[in-house]
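Observations on the model geometry
These are the residues of each chain, in order.
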Amino acid sequence: IDAFPASGPVIRWRVAGGVGMSAVVVQGDNALTTWNADGQQWLVALDTSNGSLKWRTPMGAAYMNPMGDGPRATPTIAADRAYAYSGEGILIAVDLASGRPLWRKEVVQELSAKPSEYGMSCSPLVIDDRVIVHAGADDAAVVAFATSDGKLLWKTGTGHSGYSSPVLMDIAGTQQVVAFSGTAVLGIDPDSGKNLWSYLFETDYGCNTASPVAT
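Structure report, in brief. On a predicted model such as this, the values are computed, not experimentally measured, just so you know.

Here the focus is the nonpolar core. By size, the foremost hydrophobic cluster in this structure holds 20 residues, and its most contacted members are Y85, L91, V107, V133, V143 and F145. Going through the elements one at a time, β6 (81-85), β7 (90-95), α1 (107-110), β10 (130-137) and β11 (140-146) are the ones with two or more residues in this core. At 4 residues, β10 tops the list of elements feeding residues into this core.

Ordered by their spatial adjacency, 4 strands build an open sheet running β13-β14-β15-β16, and the pairing between neighbours is antiparallel. Because the sheet does not close on itself, it has two edges, and the strands there are β13 (167-171) and β16 (195-200). Across the sheet, the mean angle from the axis of one strand to that of its neighbour is 30°, orientation sign disregarded. In the sheet, strand β14 (residues 174-180) pairs with strand β15 (residues 184-188) via 4 bridges, with the strands oriented antiparallel. Residue pairing across strands places V177 opposite I188, the latter belonging to β15.

Moving on: the packing of aromatic side chains. Describing an aromatic ring pair means giving the distance of the ring centres and the angle of the ring planes. This model, assessed by the stated rule, comprises 3 aromatic pairs. Between Y118 and Y163 the ring centres are 5.6 Å apart and the planes differ by 90°, which places this aromatic pair in the edge-to-face class. Of this pair, Y118 sits in the loop between α1 and β9 (125-127) while Y163 is found in the loop between β12 (152-156) and β13, placing the two residues 45 residues apart along the sequence. Here Y118 falls in the partly exposed class, since its relative accessible area comes to 25%. For Y163, a relative accessible area of 16% corresponds to the buried category. Ring geometry for F180 against F201: centres 5.2 Å apart, planes inclined by 50°, an arrangement best described as tilted. Of the two residues, F180 sits in strand β14 while F201 sits in the segment after β16, which places them 21 residues apart along the sequence. The class of F201 is partly exposed, set by a relative accessible area of 36%. The ring of W42 has R56 lying over it, and the distance from NZ or CZ to the ring centre is 3.7 Å. The ring centre of Y118 lies 4.3 Å from the NZ or CZ of R72, which sits over that ring.

On to the side chain of T74. Position of T74 relative to the elements: it lies in the loop between β4 (53-61) and β5 (76-78). In this structure the side chain of T74 is engaged in a polar contact, spanning 3.0 Å, whose partner is the backbone nitrogen of A23. For T74, the contacting residues outside a window of four places in its chain are S22, A23, V24, V25, S123 and P124.

If you walk across this open sheet you meet the 4 strands as β9-β10-β11-β12, and the pairing is antiparallel. Only two strands of the sheet have a single partner each, and these edge strands are β9 and β12. In this sheet, neighbouring strand axes are inclined to one another by 30° on average, regardless of whether the strands run parallel or antiparallel. Sheet topology note: the β11/β12 ladder contains 4 bridges and is antiparallel. Its bridge partner being in β12, V142 is matched across the sheet by T156.

With that settled, consider the pattern of salt bridges. For the coordinates displayed, the defined rule picks out 6 salt bridges. Between R130 and D129 there is a salt bridge whose closest N-O contact spans 2.9 Å.

Relative to the elements of secondary structure, T147 occurs in the loop between β11 and β12. On the basis of relative accessible area, T147 is assigned to the buried category, the value being 13%.

Looking now at the pairing of β15. For a regular strand, side chains alternate in direction, first toward one face of the sheet and then toward the other. Of all 5 residues in β15, 5 are buried, a share of seventy percent or more. Burial of β15 is two-sided: the residues A184, L186 and I188 facing one way and the residues V185 and G187 facing the other way are all buried. Hairpin geometry of β14 and β15 is characterised by an intervening segment of 3 residues between the two adjacent antiparallel strands. Pairing of β15 with β16 involves 5 bridges; the strand directions are antiparallel. Looking at β16, one finds that L186 is bridged to S198.

Cut-offs used in this document
- Residues numbered from 1 in each chain as written.
- Predicted model: local features only at pLDDT ≥ 70, side-chain atom pairs only at ≥ 80, totals over all residues.
- Heavy atoms only, no water.
- Core = buried A, V, L, I, M, F, W, Y, C linked by side-chain atoms within 4.5 Å.
- Buried < 20%, exposed > 50% of the residue type's maximum accessible area, 1.4 Å probe, protein only.
- Helix = DSSP H or I, 4+ residues; strand = E, 2+ residues; numbered from the N terminus.
- Pairing = 2+ DSSP bridges.
- Axes fitted to C-alpha atoms, helices over the stretch in contact; angles between N-to-C directions.
- Phe/Tyr/Trp six-rings, centres within 6.5 Å; stacked < 30°, edge-to-face > 60°.
- Lys NZ or Arg CZ within 6 Å of the ring centre and 35° of its normal.
- Polar contact = N/O pair within 3.5 Å; in protein donor to acceptor, adjacent residues only side chain to side chain.
- Contact = heavy atoms within 4.5 Å.
- Salt bridge = Lys/Arg side-chain N within 4 Å of Asp/Glu carboxyl O.

As far as function goes, none of this settles anything; it's purely spatial.
Okay, structure coming up:
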């Protein structure tokens, strides 16, 4: 539609943002997203009541890509922390109340991986004391880090990343992380990182953009 009808919905507030492709995640009075502005990628917290900026935390240099600039992944809120993944594969953890940085991991660089052509796009998945993202390395398609300090806990699978996000599912009575790489779907034990199963799932461009769902 070109415009909302007179009967609504009513726009409560509107704020100018930066350039990016992240969605918005909301908890309480915090609305979090990511964007490029002033030469940086930012994790941003807005007040849900009026859209005012509560804090912004730099993630890295502004992400530039021929298919569109700005970070791709939607941030994740878990307990009193927030996690965000930059376009080139930098994972950060911050204090939710203040935006104070807690730790930072240059995931793609440290694991000798290569960013996805379109940019790293998965939202971090937090399960108990670990945060899980795609890395896209030859020996680490998917990786888990400790939420406390960013220590690498496990890595599994092989091959470049697609553009979906890992999901926690109960399959046949077993809790497992289901994640698409660029060419396959993997079932992973969330505690050990053991690859429980895999299924070849190739697309024309090796993208796999949709997150898996359970039915």
